[in-house]
Amino acid sequence: QVQLVESGGGMVQPGGSLRLSCAVSGGMFSTYGMGWYRQAPGKQRELVAFISRGSGGTNYAGFAEGRFTISRVNAERTVYLQMNSLNPEDTAVYYCNRYPSFLTWGQGTQVTVSS
């Protein structure tokens with residue numbers, strides 16, 4: 001069974017940065033496209049970015065373009081999300097999952113941007 005464990009969240013001031021990690025155990029990680037998603041209070045979960053399984057091609061939601069960077073290290077079975085220039089609207093629980101077909105969701109990691 002595949003397990004997804006997100007980490008790296010926390011509280012930062014506006015303009016700050018965080019690097020999220022997603023460790024994937026089980027399954028064939030190198031064959032998965034992977035995505036980062038987020039869910040803010042009272043809102044639906046939304047896609048932040050995804051990275052392909054092969055060439056590592058990436059795609060970002062408009063709000064993430066130019067500020068966030070998704071990457072992966074297949075040997076570590078880990079996906080990263082570097083987030084810069086954070087603002088209060090980025091406050092949410094962040095999750096990783098296979099893209100586009102989901103696996104069981106992990107617990108997520110809370111990101112709070114506040115002064």
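Computed from a predicted model, the values in this text were never measured in an experiment. (Residues numbered from 1 in each chain as written. Predicted model: local features only at pLDDT ≥ 70, side-chain atom pairs only at ≥ 80, totals over all residues. Heavy atoms only, no water.)

J.: I'm lost on the overall build of the chain in this one. Help?
T.: From N to C terminus, the chain includes zero helices and 10 strands. When the helices and strands of the chain are placed in sequence order, the string is β-β-β-β-β-β-β-β-β-β. Against the globule reference of 13 Å for 115 residues, the chain gives a C-alpha radius of gyration of 13 Å, in line with a compact fold. Overall size of the chain, expressed as C-alpha extent along the three principal axes, is 40 × 25 × 25 Å. Relative to its 115 residues, the chain shows a buried fraction of 42%. Contacts in the chain between residues far apart in sequence, at least 24 positions, make up 53% of those at least 6 positions apart. (Helix = DSSP H or I, 4+ residues; strand = E, 2+ residues; numbered from the N terminus. Rg over C-alpha atoms; globule rule 2.2 N^0.38 Å. Buried < 20%, exposed > 50% of the residue type's maximum accessible area, 1.4 Å probe, protein only. Contact = heavy atoms within 4.5 Å.)

J.: Honestly, the packing of aromatic side chains in this entry has me stumped. Any pointers?
T.: The relative placement of two aromatic rings is captured by the distance of their centres and the angle of their planes. All told, the structure shown has five aromatic pairs when counted by the stated rule. Consider the rings of Tyr37 and Phe102, whose centres lie 5.4 Å apart with planes at 85°: the pair is edge-to-face. Linking Tyr37 in strand β4 (residues 33-39) with Phe102 in the loop between β9 (92-99) and β10 (109-113), this pair joins segments that are 65 residues apart in sequence. Look at Tyr37 and you get buried, because its relative accessible area is 5%. (Phe/Tyr/Trp six-rings, centres within 6.5 Å; stacked < 30°, edge-to-face > 60°.)

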